[in-house]
Amino acid sequence: MSILTLKDVFFSYGKTPAIQNLSLAVEAGEWVTIVGPNGSGKSTLTKLIIGLLAAKSGEIRVNDLTLSESTVQKIREKIGIIFQNPDNQFVGVTVKDDIAFGLENLSVPYPEMIERIDTYAKAVGMDEYLEKEPSQLSGGQKQRVAIAGTLAMHPDIIIFDEATSMLDPEGRHAMMAIMEDLKRQGKTILSITHDLREALRCDRVVVMHEGTILKSGEPSVILRDEALLKQARLTLLEPFKYMNELSSQKRLTDQWEAILWESALTL
Amino acid sequence: MGIRLNAVSHVYTAINQTPVEAIKNVSLSIHANDEFIALVGETGSGKSTLAQHFNALMAPTSGEAQLFDVSITAETFKDKKIKKTPIRKRIGLVFQFPEYQLFEETVLKDVAFAPKNFGLKDAEANELAKHALELVGLDESYYSRSPFHLSGGEKKRVSIAGILAMEPDILVLDEPTSGLDPQSQETLMQVFQTIQEKTHTSIVFITHDMNWVESYAKRVLVMHQGELVFDGTPGDLFNHPELKTWKMDEPDRIKVLNEIKTHLKTPLKSLDFNAVIQAIKTEETS
Amino acid sequence: MKNIVIGRYIPGDSFLYRMDPRVKLIALFLLFVAVFVIDELWVMGGALLGILILLPLGKISLKKVYFGLRPLLFLLIFTFVFQILFNTQGRLLTTLRLEFDPLNTAIAGGLFIAWLFLKRFTKFTFLSFLGVFAAILTVLSQLTIYLPFGTYTIAIYEEGLLFAIFILLRLIIIVTLSTILTITTKPTDLNLGLERVLKPLKVIKVNTEEIAMIIGIALRYIPTLLDEANKIILAQASRGVDFQEGKFKDKIVQIISLLVPMFIISFQRSDELANAMEARCFVPGKPRTRLNQLIWKPLDSVVLAVTFLFMVASIGVRILW
């Protein structure tokens, strides 16, 4: 059974539909990337999944729990989210306080709390910053703190909701490294982005446009589909331009396909 | 000469904290016409602080900023007789978030705000506003819309028009493309290019994305730990041995070409797309 | 904008810093009670002396306390003068007869205006004010030449003077004690301490945890919002807003141009923050464990006992003396 299932989900802000009859299933341990332009409904999706917004119709299931008013708290315990703006999700006065925030809400006992803070601050490389205040941190560091705070709550699924869009290249690379690490540990990741470079390493790319899924599939297929990406107002990454050109001239060998794919992973 | 900084340093002092030297001994000059400059550097390198020296929002703690015919130093900045607004009219600065400046109920009124501040009559200010909106590619249908109900990319364009309406000689933009999807970013960069072609306004934009630096900028300024470490062309920057020390990324195109080069037996003669395709094909057949 | 310091916490280390915030708050309360119970000038003087001894022991310089007192200086002087002028009990000590005539009134007025103008050039605003005040009194009492149009007699009575001193001491003690609290306690600790101390209010349905959460978030976001406000000012300054110029009508638009973005950004921010908090399983009113544990040390018991005894003693003195 899928760890996260959306079935015919519909949502609208007033009369404008934001999500239209969307269905999606995410398997345990899978890394799914949802790509789409601004206003395609990507971020509305996150809010629907954890019940910050209520779908007008359709069903959302996490494991065997169907999202409803009575299950929303249970479901939130299973899902961790890293939001876009580093400043608007830093609740604590210090790094330590912030990582603790979720644990306090889950009523984790004090000694265990201390242990988890240490473990996950180390996991994201922020263990030397525990006493620092948010004003002393860069955007990338704040996002790492948000990840630690989320991981410490032991969620089943971690959602990255445009978590890198306000970071500099260094911050973005650090976030990507953490996501790969999580994947290796068998965590389920749902990442939402308009940066196709972040979709290279995942298991499945879902292309969203105007509230619906245009197509989903393996990165090596989706990221090369120029017509599809164009329809979703996204642009082909550099290596795939070479790949598609060679392929259109029927001159793309397996070796060069591999080389160009490798080059994509350096982006 | 539009902007000339002579050994400008800026130190932030806050109570109970050690002073931070945000920019150190920066000297540079920017012409009033036809410049297209990318200002880059990692987070905290002093880019934004530097940009705020360009239009006299900040004063150097030491050194001098010569902004057109006005000299701004720590002392002259405090002098109320030296007016800063005429400088800010000639050197327009657009902040990163449009939310910092949008406040009127319609797009047109908001864009006309700056010209009105400089004493223009409503009709004249509206003319300038309409012209500015046209430059950023927003047509009449936007005039009476609320700026708060626009998409991120459109808000950005309105905020840029709000500065362009002053008809500045130099336009400075703090991270104009951040947070936008690729297509909106591209549209915006093209808007800048059109503005430059039509008005010869010098443009300085701050960015983290080297792809835009490579494809649009004629000149790059690199800030690293408060110092201006590079001032030259994008081509020279991406061949610079210290690129990595400055925490600079390479543009996607160059990264991919570097990877391709390592797998080709014969060196590339040209880095042009079709030439590279040809080289790969030749390699395969031989 | 950057110089606004909230809570005036100054990092340091001494027993005053190491005390449990709960104890500090309770001790402060007990001492306030004591100070209001005391009705003998010499006891009040003794209490102030006690505090003056306490300060160096707690490694707090007089200067820092003076900075705490400074904003209230006017209130202190006003109370003092008011008591002296209008309390007419006890033995008459001295009188000062002021006669107003056009010339000396003009001179006095001139002196005051001169002080208003010159005060920005001196660091000793307060001292210079006292000097000018004395000069005005001298002029009004000694220099009467022509056509006096009114007189006023300042009479100082023993009781009035003593009571004025008494009130002054009481106010100084209260402000000094509060200043010591804010200097030595981090806002977050103070907040936590307050939450715990007020916990009994739960009986009357006051949700102290929620109040503490609100204060906590406010403390966290005040620097961010100030920073934001500063950026908005700069962004509008870039559009030609000049706060030193402009007609009244322009001023209003200028202020709106700051307030609207400020409100919109704050609402957006709080909306996103609320989402982030809910996503991390925050449910208002649900019991939570806490990372910040308050640990009661032997020092805390001692301090509490001493302040309690002091309060009891001052009540005792009041009743028995």
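Given the structure is predicted, the values throughout are model-derived calculations rather than measurements. (Residues numbered from 1 in each chain as written. Chains lettered and ligands numbered in written order. Predicted model: local features only at pLDDT ≥ 70, side-chain atom pairs only at ≥ 80, totals over all residues. Heavy atoms only, no water.)

**Some details on the overall build of chain B**
Step number 1: Counting secondary structure elements, chain B contains 11 helices and 10 strands.
Step number 2: Scaling as 2.2 N^0.38, a compact globule of 286 residues should have a C-alpha radius of gyration of about 19 Å, and chain B matches this with 21 Å.
Step number 3: Dimensions of chain B, computed from the C-alpha atoms along their principal axes, are close to 75 × 50 × 35 Å.
Step number 4: Here chain B holds 286 residues, and 56% of them are scored as buried.
Step number 5: Within chain B, residue pairs in contact and separated by at least 24 positions form 62% of the contacts whose partners lie at least 6 positions apart.
Step number 6: Summed over all atoms, the accessible surface of chain B reaches about 12,000 Å², with 49% contributed by carbon and sulfur.
Step number 7: Positive and negative side-chain charges in chain B, numbering 30 and 39 respectively, have mean positions lying 3 Å apart. (Helix = DSSP H or I, 4+ residues; strand = E, 2+ residues; numbered from the N terminus. Rg over C-alpha atoms; globule rule 2.2 N^0.38 Å. Buried < 20%, exposed > 50% of the residue type's maximum accessible area, 1.4 Å probe, protein only. Contact = heavy atoms within 4.5 Å. Areas by Shrake-Rupley, 256 points an atom, 1.4 Å probe, with all protein chains shown as cover. Lys, Arg positive; Asp, Glu negative; His and termini not counted. Charge placed at Lys NZ, Arg CZ, Asp CG, Glu CD.)

**Observations regarding the interface of chain C and chain A**
Step number 1: Contacts between the two partners involve 26 residues from chain C and, on the opposite side, 38 residues from chain A.
Step number 2: For the pair chain C and chain A, the summed buried surface comes to about 2,700 Å²; carbon and sulfur atoms form 54% of the total.
Step number 3: For chain C, the biggest contributors to the area lost against chain A are C:Arg220, C:Arg280 and C:Leu291; these three give 32% of the whole.
Step number 4: In this structure, the connection of chain C to chain A is made through 5 salt bridges.
Step number 5: Between A:Asp98 and C:Arg280 there is a salt bridge, with the nearest N and O atoms lying 3.5 Å from each other.
Step number 6: Inspection of the region where chain C meets chain A yields 19 residue pairs in polar contact (both at pLDDT 80 or more).
Step number 7: Of all the secondary-structure elements, those providing two or more residues to the side of chain C that touches chain A are α10 (208-237) and α11 (248-279) of chain C. (Buried area = accessible area lost by both parts, 1.4 Å probe. Salt bridge = Lys/Arg side-chain N within 4 Å of Asp/Glu carboxyl O. Polar contact = N/O pair within 3.5 Å; in protein donor to acceptor, adjacent residues only side chain to side chain.)

**Points about the domain arrangement of chain B**
All names here are of chain B.
Step number 1: The domain boundaries assigned to chain B delineate domain 1 (3-250) and domain 2 (251-286).
Step number 2: Counting from both sides, the interface comprises 6 residues of domain 1 and, opposite them, 6 residues of domain 2.
Step number 3: Interface area for domain 1 against domain 2, summed over the two sides, is near 570 Å², with a carbon-plus-sulfur share of 47%.
Step number 4: The largest contributions to the domain 1 side of the interface with domain 2 come from Asn211, Glu214 and Glu250, which together make up 81% of the buried area.
Step number 5: At the boundary of domain 1 with domain 2, the tally comes to 2 salt bridges.
Step number 6: Between Arg253 and Glu214 there is a salt bridge, and its shortest N-O distance comes to 2.8 Å.
Step number 7: Where domain 1 packs against domain 2, one counts 3 residue pairs in polar contact (both at pLDDT 80 or more).
Step number 8: Examining the composition of the side of domain 1 that touches domain 2, we find that 3 residues originate from one element, helix α8 (residues 210-216), more than from any other.
Step number 9: Classifying every residue of the side of domain 1 that touches domain 2 by side-chain character gives 2 nonpolar, 1 polar and 3 charged. (Domains from an automatic or database assignment. Nonpolar A, V, L, I, M, F, W, Y, C, P; charged D, E, K, R; others polar.)

**Some remarks on the sheet that holds strand β5 (residues 70-72) of chain B**
Residues and elements named next belong to chain B.
Step number 1: Overall, antiparallel pairing links the 4 strands, which are arranged β2-β1-β4-β5 in an open sheet. Each edge of the open sheet carries a strand with a single partner, namely β2 (20-30) and β5. Looking at each pair of strands side by side, their axes are set apart by 25° on average, direction ignored.
Step number 2: With 7 bridges connecting them, strand β1 (residues 3-12) and β2 associate as antiparallel partners. The residue bridging Leu5 from the neighbouring strand is Leu28, located in β2. (Pairing = 2+ DSSP bridges. Axes fitted to C-alpha atoms, helices over the stretch in contact; angles between N-to-C directions.)

**What to know about the packing of aromatic side chains**
Step number 1: One pass over the full model with this rule turns up 19 aromatic pairs over all chains.
Step number 2: Seen from their ring centres, B:Phe103 and B:Phe113 are 4.7 Å apart, and the 80° between their planes marks the pair as edge-to-face. Residue B:Phe103 is found in the loop between β6 (91-94) and α4 (107-117), and its partner B:Phe113 is found in helix α4; the two are separated by 10 residues along the sequence. Per residue, the accessibility class of B:Phe103 equals that of B:Phe113, and both read buried.
Step number 3: Relative to C:Phe133, the ring of C:Phe129 has its centre 6.1 Å away and its plane inclined at 20°; by these criteria the two rings are stacked. Of this pair, C:Phe129 and C:Phe133 both sit in helix α7 (residues 125-142), separated by 4 residues, roughly a single helical turn.
Step number 4: Given a relative accessible area of 39%, C:Phe133 falls into the partly exposed group. (Phe/Tyr/Trp six-rings, centres within 6.5 Å; stacked < 30°, edge-to-face > 60°.)

**Some details on α7(C)**
All names here are of chain C.
Step number 1: The end-to-end C-alpha separation of α7 is 26 Å, in line with the 26 Å expected for 18 residues at 1.5 Å each.
Step number 2: Along α7, the residues that are buried comprise Val132, Ile136, Val139, Leu140 and Ser141.
Step number 3: The secondary structure elements touched by the buried residues of α7 are β1 (92-100) and α6 (102-118). (Expected span 1.5 Å × (residues − 1).)

**Brief notes about the sheet that holds strand β9 (residues 219-224) of chain B**
Residue and element names in this part refer to chain B.
Step number 1: In space, the 6 strands of this open sheet follow the order β6-β7-β8-β3-β9-β10, with mixed pairing throughout. Edge positions in the sheet fall to β6 and β10 (227-232), since each has one partner strand and no second. Ignoring which end each strand starts from, the neighbouring axes of this sheet average 15° apart.
Step number 2: Across the sheet, helix α7 (residues 182-199) lies against β3 (36-40), β7 (170-173) and β8 (202-206), angled at about 160° from β8, the strand it touches most.

**Let's talk about a negative patch on the surface**
All names here are of chain A.
Step number 1: Together, Glu115, Asp118, Asp127 and Glu128 give the surface a local cluster of negative charge.
Step number 2: Along the polypeptide, Asp127 turns up in the loop between α4 (110-123) and α5 (139-151).
Step number 3: The partly exposed category is assigned to Asp127, whose relative accessible area is 33%. (Patch = residues over 30% accessible without salt bridge, like charges linked within 9 Å, V, L, I, M, F, W, Y side chains within 5 Å.)

**Side note on a nonpolar patch on the surface**
All names here are of chain C.
Step number 1: Among the surface-exposed residues, Leu194, Leu198, Leu201, Val203, Ile204, Ile211 and Ile215 lie close enough to one another that they form a single nonpolar patch of about 590 Å² accessible area.
Step number 2: Checked against the element boundaries, Ile204 lands in the loop between α9 (187-197) and α10.
Step number 3: Take Ile204: its relative accessible area is 60%, and that puts it in the exposed class.

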